[in-house]
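Here's the letter readout for the chains.
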Amino acid sequence: MIKVYHAKNPTFGLSNLSFPSDYELVAYVETDNKEKAYELTNHIHQEWWKNEGVKCLKEARSTSVGDVLEVNGKIYRCENCGWIELEV
C-alpha cells in the first residue's frame, strides 16, 4: 500500500518543500510500485480517483513533480525523471 501526498501549494519541482508540513495525504493506492501508483493517480482515461485500487481521500489534481509517495515507510519525491528518496 502506497500513501500519496500532494503539495499544498505545488511548485512542480521549482523549489524544495518540506515533508510532511507542506503536503497533504490525498490517497492510498493498493500497490508497492511507485510507477504504478503514479499512473493510477493521474487523469488518463478518467478521473484518477475512479481507478481500481485507489482509495481517494480528497479529489485533487494528478500526481506531479514535487509530490511525494510513502512506500514501506520510505519517502520518495517525484522528480522530472524518476524518484528521489528523502531523509525525513
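Refer to the structure printed above.
Quick caveat: nothing in here was measured; it's all calculated off a predicted structure. (Residues numbered from 1 in each chain as written. Predicted model: local features only at pLDDT ≥ 70, side-chain atom pairs only at ≥ 80, totals over all residues. Heavy atoms only, no water.)

**Some points on the sheet that holds strand β5 (residues 74-78)**
Inference 1: As summarised here, the arrangement of the six strands in space is β3-β2-β1-β4-β5-β6, forming an open sheet in which the pairing is antiparallel. In the strand order of this sheet, the two ends are held by β3 (54-56) and β6 (83-86), each with one partner. Direction aside, the axes of adjacent strands within the sheet are offset by 30 degrees on average.
Inference 2: Inspection of the sheet shows strand β4 (residues 68-71) paired to β5 by four bridges, in the antiparallel sense. Its bridge partner lying in β5, Leu 69 is registered against Tyr 76. (Pairing = 2+ DSSP bridges. Helix = DSSP H or I, 4+ residues; strand = E, 2+ residues; numbered from the N terminus. Axes fitted to C-alpha atoms, helices over the stretch in contact; angles between N-to-C directions.)

**As for the environment of Val 88**
Inference 1: The topology assignment puts Val 88 in the segment after β6.
Inference 2: With a relative accessible area of 69%, Val 88 lands in the exposed category.
Inference 3: A sequence separation of 13 residues divides Val 88 from Ile 75, and the C-alpha atoms of the two residues are 7.5 Å apart.
Inference 4: Those residues in contact with Val 88 that lie beyond four places of it in its chain are Phe 19 and Ile 75. (Buried < 20%, exposed > 50% of the residue type's maximum accessible area, 1.4 Å probe, protein only. Contact = heavy atoms within 4.5 Å.)

**A closer look at the environment of Val 68**
Inference 1: Within the secondary structure, Val 68 is located in strand β4.
Inference 2: The exposure class assigned to Val 68 is buried, which follows from its relative accessible area of 0%.
Inference 3: Apart from the residues lying within four places of it in its own chain, the contact partners of Val 68 are Lys 3, Val 4, Tyr 5, Phe 19, Tyr 23, Ile 75, Tyr 76, Arg 77 and Leu 86.

**Observations concerning the pattern of salt bridges**
Inference 1: Under the defined criterion, the tally for this structure stands at five salt bridges.
Inference 2: The salt bridge partner of Lys 50 is Glu 47, with a shortest N-O separation of 3.1 Å.
Inference 3: With a relative accessible area of 34%, Glu 47 lands in the partly exposed category.
Inference 4: Across the pair Glu 79 and Arg 77 runs a salt bridge, and its minimum N-O distance is 2.7 Å.
Inference 5: Taking the relative accessible area as the measure of exposure, Glu 79 reaches 27% and is therefore partly exposed. (Salt bridge = Lys/Arg side-chain N within 4 Å of Asp/Glu carboxyl O.)

No statement about biological role is implied by the geometric values presented.
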